[in-house]
Amino acid sequence: MDRTWQITLMYFFIHLGLIFFLYPGDVISSTNDGHWLPVIIGFMVHLAAITVYMKGLSFIGRRDIISLYLEAGKGWPLLLLLPVTVYFLLIIIITLRYCAEMMTIVFLSNTPLWAIMLLFLLIAAFIAIKGIGTLLRTGVLTGMLCLPVILLFTAASFQNVDWRYIFPLADGFAFFTDSDFYQSFFAFAGGFLFLGFLQPYFTYRKKNIFIAALVLLPFFLFSVYIPVLTFGQATASTFHFPFIAALDSINLSWLMFDRITIFFFLCLISFTMLFLTMVLWSTIRVISRCIPVIKPSYLTFALPVLIFIACMAIPNWEDVKLLFEWNSYLRFYVVITIPLSTYFFGKRLQRKVDCHAAD
Amino acid sequence: MGFISRIKEQYAVSDDFFILNDYLLETPVILMGFNSLMDWTLTKQNLQTYINTAADTGLGLEEFRTVLGQVETASGMDKASAGLLQGKLIIYFEQENSFIVMDTVARTLDRSITPPVNENVFQGTLSSFTEDINSNIGILRKQIQSSHVNVSSYTIGSEETRQLTLVYYEGHADVNLIEKIKMQIEQNKHQQIDNLQQLSQRMMGFRNWTLVPNLNQTELPEEAANFLRNGRALLFMDRLPVAVVLPSLLWDIFVLGSDRHMPLPLMMFLRALRVIGVMLTLILPGTYVALVSVNPEVLRIELALSIAQTREGIPYPAIVEIVLMLLILELIIEASIRLPKNIGPTITMVGGIILGEAVVQAKLVSNLLIIILAATTIANSTIIGLQQSLSLRIAKYIIVILAAIYGVFGIMEGLVLVFAYLSSLHPFGIPYTSIMRCKKEVNHG
Amino acid sequence: MRRIRRTAGSLLCICLLLLNTGCWDNRDINHRSLPLVMGIAYHENLYQIVLQIPEPLESGISLKILTQTGKTINQAVDKISARMESSVDLLHLKVILVEKEYAQLGLSDSITTFMRSREISPKALVVICDEKLDTFFEHVKVSMAPKGTTLYDSFEKNAGWNPQMALTRIWQVYRSIHSYTRDVAIPVYKSGKSGTIDYTGSAIIKNGRMVGQITPEETLLFNSVNGLGTQGKIEVMNNASVLILSNSTRHRSRLVHNIPYLDIELTLKVSIVETKGTPTTKLIKDELQEVLLQRFEHLFDKILASKADILGVGQYFRNKLPRSELSHWRTDYLPRMKVKLKVNPVIQNEGNLKLS
């Protein structure tokens, strides 16, 4: 079935959810000025990865990457799918813990962490059980509710902007040596892998993903530049979540609510939840395809429980950061190998098909 | 055992059953039927007219019998029983052990076609479906005059039989959908169906444990015709004055076919209102709980102070307060359905006094809550379909509870949960949240 | 049977959920005290905190003023909270009133605390009180109407604010602590004679410390140069007073031999509201120009003296200086700065009467 629109929107929403939380903080602390450079470089890497990935996916027809790797021969599944699985699991744990922690910092100071994470996991698991179709439709419905809010507040966040903070425009490439720059790839890396898992269920036009990616670019820039332009680099770098802080300074006297940040934040959290669900679903698929002994339905129960325990086992914020840092090696491995391997295996597969056709 | 004795055994206990010996062209016959289902006097007159005509034209018994109806050999009881229960006259020929099922003058047991009772029509066709399945299909055929409207009838049930009719618009409806429905009906033909719950569970194989009605229904022929044109299938059941729409979709909550009698902007305005209504129903009570007890910082200070002032002296937390009042509201709604029309207004009055005045004065709830509740109830009533509005009313409680635990976050996630639930439904492989227009768009859903 | 089990299961779930709602400490809004104004003073290593809390009563709202001291701000607030029947939530704090002495010592720590705290909104206004907090709040208590938002209303932009007053929020002060090229002005108030609170000018804050003060008139100019809607303000001169309808500024910056030059062109569109005698349009324009230039000179002298860039003129040199240089903008460049102001008064209309 062709679900181009749903999948494109999903890609868009997932990335919106990833952009606004961690990304601005990482970019702002990676460089002192000329923030557009790391943003653009990261974005180019993202675009390149998508291009290769999409090209590879178009070779393999109505197959997903799991079966592609499983067919590729011995060793390959282990070399490619194992890191992906571990990466996915880590991502879920980190994102979940991060969101919960952030929520207690920003507005739910009384609610215990486990309760927040439980709700997250319950909803994610519910959607994951119901399957990818449900996930896509939920995504579109949620998006229809949240996107206007996000656009409105992104527009409103220009209220306190002082454009002169945009200078100095560039100051070299010192950020390449900064680990925060590599952390910032979190926003670019995790979100697009799911595109390779959809194929047997749904097909989609690959070109639309590029359009969505281009639409994302302004949001990447806004997320970094709005705090910088509101506070200035020196101040912005003192915040954990610079974008949220910038939003907090908006004053909309015509709105009947006071702390509008919450609404923006909640919409983003919902998108993050979509991301979480998508990753959870992908993980379940990988595991159940590679180890057919385990029934997917058991897995959908076991995995969230496991993740919940793992999240509870992380004692504090510092450890989350540490986990995040470890994850970044895996992230680069996955981002580089998955698109490339998809491309080469796909090409090989197509050549084989061509040969057969020639016979 | 003979035919007659078997019939007697089965029906003689009923006082409205008659069994008479008579002569038909000098042949002894036994006439049987139900007084309550036929007008016996008129039927007798008719029969006499037939006999006289036959005698005048010199028709033989054999030919005369074929004029009266199909001749059946009295080996099985089924046809005779069915005929009797449908209000037909059975003419039994003892000599040949055969019978005829003759059409009679039926008593008028059906009401005439009247304006709808449960649904309101705003500038549209006023007639509504009745209990008689044939009149229903007739009304529908008047509404859509097309040779492509196909009607297939099934007799379902084994002990108690009932007529079930599937209507669809060929060329508009998805072939797969129709095939699936037909297959379901054929498979479960012997099931006994008394109500829509059984229809959805036993006949259509839906899960019974769903919050959202699996079958949409309408009593307006105009809406039914619109559904047909949009590629849906309709089911009619005898003695059920509604058309059951398959599959039921989320979109039906917002869209009424008769909206299209209005100019486009007005139509869009109306539909937008319904969407807002749904959102408000879901969000408003939850927002009250969240803002009052978990996230008061979201309120503007002026509002926060006035709410705090109205809640001064209220002995329980916001969640108890709102659940209590919501419950009373539900009771009022239910009570006003139960009561006869002429005492119904009492409930409105008493409810109005309770809600508007006394509860607030007694410091049991804050008066802001009353406003919220009133707004919620009004918003809830904007959507189309009573069953759908009921499921919305239930969904509201989930959000209220989540809001009490997680505040504004709970509302958001509650909404996501509701969305996810709606998205997870796909009757006959058609997603509940999809928009169904005509055949070629079904696949895109 | 299955149905019964399911029903029982879902009922149990709902009950558990309902139980859960009481699990953590979610207090209803009427059991929270929501202070609107917080006064801070610092004496002998102890913070003195004064909270003005509106108390909702059935008949209306009364104002409570409570004061405590503590080693930290939070300790003092907790002490107040312990003495109240409902707990104190700083969620709706709108105004931070700082005693002048403390402002002169430096506000950095407090402002950082406020920014760090999730409770206090970074949008709260910062105001300086030019007398002892106790006397100020005593005056407020005695003379002001007990309305929920009384004191706050006198400072907030869409209520009692007027363009002669500076308007500065916590996040702006926090920005000035860290930013290289931007300082802020905070309005200064004291209790007035006839049951009001008087505005006495604005404090120049440099890196979170009060280093000088400017008059209300200078603040008006400061606001117009910063483009803060100066609409509706009356400008008094010898011959007439005018209403500023709109203002716009243009800046041109140059850096010659490490000496920054800035030309500011201020265009004021005014309407005449009052005249003495029969001045001509040209006369009014000239006088307006003269008055403004004079004021600006005073203002800029004060800025140079305090080395605090409240006008944010350093912002115009961000594209001319590298970041390393910007970091000592206040010490190296600002004192040498040459500013030329050009005022362009435009008399947009003359009110209902013709100007004879």
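What you see is a predicted model; the values in this text were computed from it and never measured. (Residues numbered from 1 in each chain as written. Chains lettered and ligands numbered in written order. Predicted model: local features only at pLDDT ≥ 70, side-chain atom pairs only at ≥ 80, totals over all residues. Heavy atoms only, no water.)

J.: Outline the packing of helix α5 (residues 76-106) of chain A against helix α13 (residues 261-290) of chain A, listing residues and values.
T.: Residues and elements named next belong to chain A. Two elements in contact, α5 and α13, have axes separated by 10 Å at closest approach and are oriented at 155°. The pairing of α5 with α13 is recorded here as roughly antiparallel in orientation. In terms of crossing hand, the pair formed by α5 and α13 is left-handed. Along its contact with α5, which presents L81, T85, F88, L89, I91, I92, T95, L96, C99, M102, M103 and V106, the element α13 presents F265, I269, T272, F275, L276, V279, L280, S282, T283, V286, I287 and C290. (Axes fitted to C-alpha atoms, helices over the stretch in contact; angles between N-to-C directions. Helix = DSSP H or I, 4+ residues; strand = E, 2+ residues; numbered from the N terminus. Parallel < 35°, antiparallel > 145°, perpendicular 65-115°, else oblique. Left-handed = near helix turned anticlockwise from the far one by under 90°. Contact = heavy atoms within 4.5 Å.)

J.: So what about the pairing of strand β6 (residues 95-99) of chain C? Which residues, and what values?
T.: Residues and elements named next belong to chain C. By the criterion of burial, β6 is predominantly enclosed, with five of the five residues buried. Taking every second residue as pointing to the same face, both faces of β6 are buried, with V95, L97 and E99 on one and I96 and V98 on the other. Note: strand β2 (residues 37-43) against β6, four bridges, orientation parallel. Looking across to β6, one finds that M38 is bridged to I96. Across five bridges, the pairing between β6 and strand β7 (residues 125-129) is parallel. Pairing of E99 across the sheet is with C129, part of β7. (Buried < 20%, exposed > 50% of the residue type's maximum accessible area, 1.4 Å probe, protein only. Pairing = 2+ DSSP bridges.)

J.: Could you give an account of the sheet that holds strand β10 (residues 209-214) of chain C, naming the residues involved and the relevant values?
T.: Pairing is mixed across the open sheet formed by eight strands, whose spatial order is β4-β3-β2-β6-β7-β8-β9-β10 (chain C). Only two strands of the sheet have a single partner each, and these edge strands are β4 (61-70) and β10 of chain C. Direction aside, neighbouring strands of the sheet carry axes that sit 30° apart on average. The sheet contacts of helix α10 (residues 301-310) of chain B involve β3 (46-56) and β4 of chain C, and relative to β3(C) the element is tilted by about 60°.

J.: Describe the state of the cysteines, naming the residues involved and giving the relevant values.
T.: All chains considered together, the criterion is met by zero disulfides over all chains. Between C146(A), a free cysteine, and C267(A), which holds the nearest cysteine sulfur, the sulfur-to-sulfur gap is 3.7 Å. (Disulfide = S-S within 2.5 Å.)

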